[in-house]
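Okay, here's what each chain looks like letter by letter:
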Amino acid sequence: MNPPAESERSRDRRGWLVWAAPGLLTLVVTLAGIGHAQPWRDELATWSAATRPVPDLVRLAGTIDAATGPYYLLMHGWTALAGTSPTALRLPSALAMTGAAALTARLGARLVGPRAGLLAGLLLAVLPATSRYGQEARPYALATLLAVLATLLLVGALRRPTWRRWTGYAVAVAALGLLHLIALTLLAAHALVVLLATVRAPATAGLDPPPDPTGPGGRRGVLWRWLVALLPAVVLVAPLVLLARGQRGRQLDWVRLVRVDDLAALPGALAQSGVVGGLLLGLAALGAARLGRRALLPGAAVLLPVLLLFAAGTAVPLWVTRYLIFTVPFACLLAGAALAGVRLAPALAVVALAGLLGLPDQAALRRTHEWPRSAPVDYAGVARVVAEHGQPGDAIVYSPRDSWLFPDLGLAYHLGARRPRDVLVVRDQRQRADLWAAECERPAECLAGVDRVWLVVTGRRADPLAAVPGAKGDALRDAFTVRQVWPRPGLTVALLTR
């Protein structure tokens, strides 16, 4: 028989492996090919915002993307240290997803058991969605990390309600709200658990062991401490909510009202793979049935944010599936509980099967982050054409200028100082505190004295000049002819000569 001290050391080693193995696997998966896919339009917006001086970032938040402003500020500091290569832009997200997988394992171990936690973390690591958002310079991976962290801290604070624990929870919730407003719908699940923890039967909160009723203020004090812990988030997030509300019509003009069939497509969209999403949903349902009352917290953390966003999306265009990516770790936790009911080897085989089924999507997302992936936008290809065939004195024109594809940002990112003069611009993105530049009202006058123009239009165009509307198109057609056209995925570039 082992001495007690040796037995405790053995348990400590096993506990360390529960969270370290998923974290390490996630790090390996998210770093694999992290720089292969060129930045897509949302990442170009991140690059454009993060590379502006802080005063200009504040001005930008007053015009558009206020809800993403804190993330841009964070990335401003990061890019000053690490640079703006695709890998550098995405590395914070990869590290955040690594932390999310490790904390998911910790949360699963605390709520269900070490085996369930380990399997939940490993399952999260192999999902295509983990790679997608772990390789994207947007706030979703960081929000996922903070959602799991806040929930883990809440569990600890409910079991031992000290001010130190509630302070950690308050910081995590405030950071979650600053990075992703929609992720605050998670608080509905937290509220449910806190309320149940204060009634006569605390075990109904799904926590094992149940909350300690002997702490300061008893169980009733838990409710007040939770409400006080939300105050920093309210104070910090309220200005963002007010700003973002006024920008919704402009920022989400491409989003339609939600329909019932959008719910059916949600598992595949969240997992970034239809078959893997279906497998995850089935396992999560089995896990919820197996856990009973212990499924309350992870189950509510999945269902309540989905239902709240769906309800809001029936009246206001808000339903964007990637906004709900922070719920995926909790679905993995339920799935891990289902797999924990069998021996470890078959359970690991199911995790491996999920990874194998997602391999085609894993490979596709490393080629492009556009959705659908059959319609990528090749900014780098257009940039190569301009760099190879350009001459001193060339100008460049974009159409349409207000496109969400951001062709001008794409060329600026890939060409930098080698980009031809943007001849029609009178106020650039930084001067306008916007993501789009303003062009001159008399294009013919602005084009005077230019002999060669690079025309970049969105989509595949056999006749790029014919695709340019308004006065800009008239000025180009009157003074220039098409010398050569290079179609590229998502864009067409043409060289015009006078």
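Structural data are supplied above this passage.
Quick look at the structure, then. (Residues numbered from 1 in each chain as written. Predicted model: local features only at pLDDT ≥ 70, side-chain atom pairs only at ≥ 80, totals over all residues. Heavy atoms only, no water.)

## Examining the overall build of the chain
Phase 1 of the analysis: Counting secondary structure elements, the chain contains 22 helices and 7 strands.
Phase 2 of the analysis: For 498 residues, the compact-globule estimate of 2.2 N^0.38 gives 23 Å, and the C-alpha radius of gyration of the chain, at 25 Å, lies within 12% of that figure.
Phase 3 of the analysis: For the chain, the C-alpha atoms occupy an extent of roughly 90 × 45 × 45 Å along the three principal directions.
Phase 4 of the analysis: Long-range pairs, those at least 24 residues apart, make up 78% of the contacts in the chain between residues at least 6 apart in sequence.
Phase 5 of the analysis: Accessible surface, the chain: about 21,000 Å² in total, of which carbon and sulfur atoms supply 63%.
Phase 6 of the analysis: With 51 positive and 30 negative side-chain charges, the chain shows a spacing of 11 Å between the two charge centroids. (Helix = DSSP H or I, 4+ residues; strand = E, 2+ residues; numbered from the N terminus. Rg over C-alpha atoms; globule rule 2.2 N^0.38 Å. Contact = heavy atoms within 4.5 Å. Areas by Shrake-Rupley, 256 points an atom, 1.4 Å probe, with all protein chains shown as cover. Lys, Arg positive; Asp, Glu negative; His and termini not counted. Charge placed at Lys NZ, Arg CZ, Asp CG, Glu CD.)

## Brief notes about the nonpolar core
Phase 1 of the analysis: In terms of nonpolar packing, the biggest core is built from 134 residues, with W166 and Y169 touching the most fellow members.
Phase 2 of the analysis: With 14 residues, helix α8 (residues 140-159) is the largest single contributor of residues to this core.
Phase 3 of the analysis: Beyond its immediate chain neighbours, meaning those up to four positions away, Y169 contacts A150, L153, L154, L187, H190, W226, A229 and L230.
Phase 4 of the analysis: The next biggest cluster of nonpolar side chains, apart from the first, holds 17 residues, and it includes L424, L447, L465 and L476. (Core = buried A, V, L, I, M, F, W, Y, C linked by side-chain atoms within 4.5 Å. Buried < 20%, exposed > 50% of the residue type's maximum accessible area, 1.4 Å probe, protein only.)

## Some points on the packing of aromatic side chains
In this description, a pair of aromatic rings is defined by centroid distance and the angle of the planes.
Phase 1 of the analysis: This structure, assessed with the given rule, holds 11 aromatic pairs.
Phase 2 of the analysis: Between W166 and Y169, the aromatic rings sit 5.8 Å apart at their centres with planes inclined by 80°, giving edge-to-face as the arrangement. Highlighted residues: W166 and Y169, both in helix α9 (residues 163-179), separated by 3 residues, approximately one helical turn.
Phase 3 of the analysis: For W166, a relative accessible area of 1% corresponds to the buried category.
Phase 4 of the analysis: Here F406 and W436 contribute two aromatic rings whose centre-to-centre distance is 5.4 Å and whose plane-to-plane angle is 40°, an arrangement assigned as tilted. (Phe/Tyr/Trp six-rings, centres within 6.5 Å; stacked < 30°, edge-to-face > 60°.)

## Focus on the state of the cysteines
Phase 1 of the analysis: Counting across every chain of the model gives 1 disulfide.
Phase 2 of the analysis: Across the disulfide, C440 is cross-linked to C446 (sulfur-sulfur distance 2.3 Å). (Disulfide = S-S within 2.5 Å.)

## Details of the sheet that holds strand β6 (residues 481-488)
Strand pairing in a sheet relies on backbone hydrogen bonds, with the paired strands running either antiparallel or parallel.
Phase 1 of the analysis: Reading across from one edge, β2-β1-β5-β7-β6 is the order of the 5 strands in this open sheet, with mixed pairing throughout. In the strand order of this sheet, the two ends are held by β2 (421-422) and β6, each with one partner.
Phase 2 of the analysis: As defined by bridge partners, strand β1 (residues 395-399) adjoins β2 across 2 bridges and the pair is classed as parallel. Within β2, the residue paired with A395 across the bridge is R421.
Phase 3 of the analysis: Where helix α22 (residues 470-479) meets the sheet, its contacts fall on β1, β5 (452-458) and β7 (491-497), and the angle it forms with β1 comes to roughly 135°. (Pairing = 2+ DSSP bridges. Axes fitted to C-alpha atoms, helices over the stretch in contact; angles between N-to-C directions.)

## Focus: the environment of L356
Phase 1 of the analysis: Mapped onto the elements, L356 comes out in helix α16 (residues 344-357).
Phase 2 of the analysis: Sequence spacing of L356 and G121 is 235 residues, and the spatial spacing of their C-alpha atoms is 17 Å.

## With respect to the environment of L60
Phase 1 of the analysis: With respect to the helices and strands, L60 occurs in helix α3 (residues 54-61).
Phase 2 of the analysis: The exposure class of L60 is buried, given its relative accessible area of 1%.
Phase 3 of the analysis: In sequence terms L60 and R432 are 372 residues apart; their C-alpha atoms lie 8.3 Å from each other.

## A word on the side chain of T68
Phase 1 of the analysis: For T68, the position within the fold is in the loop between α3 and α4 (69-82).
Phase 2 of the analysis: According to the relative accessible area criterion, T68 is buried, its value standing at 9%.
Phase 3 of the analysis: When residues no more than four places from it in sequence are discounted, the contact partners of T68 are R138 and P139.

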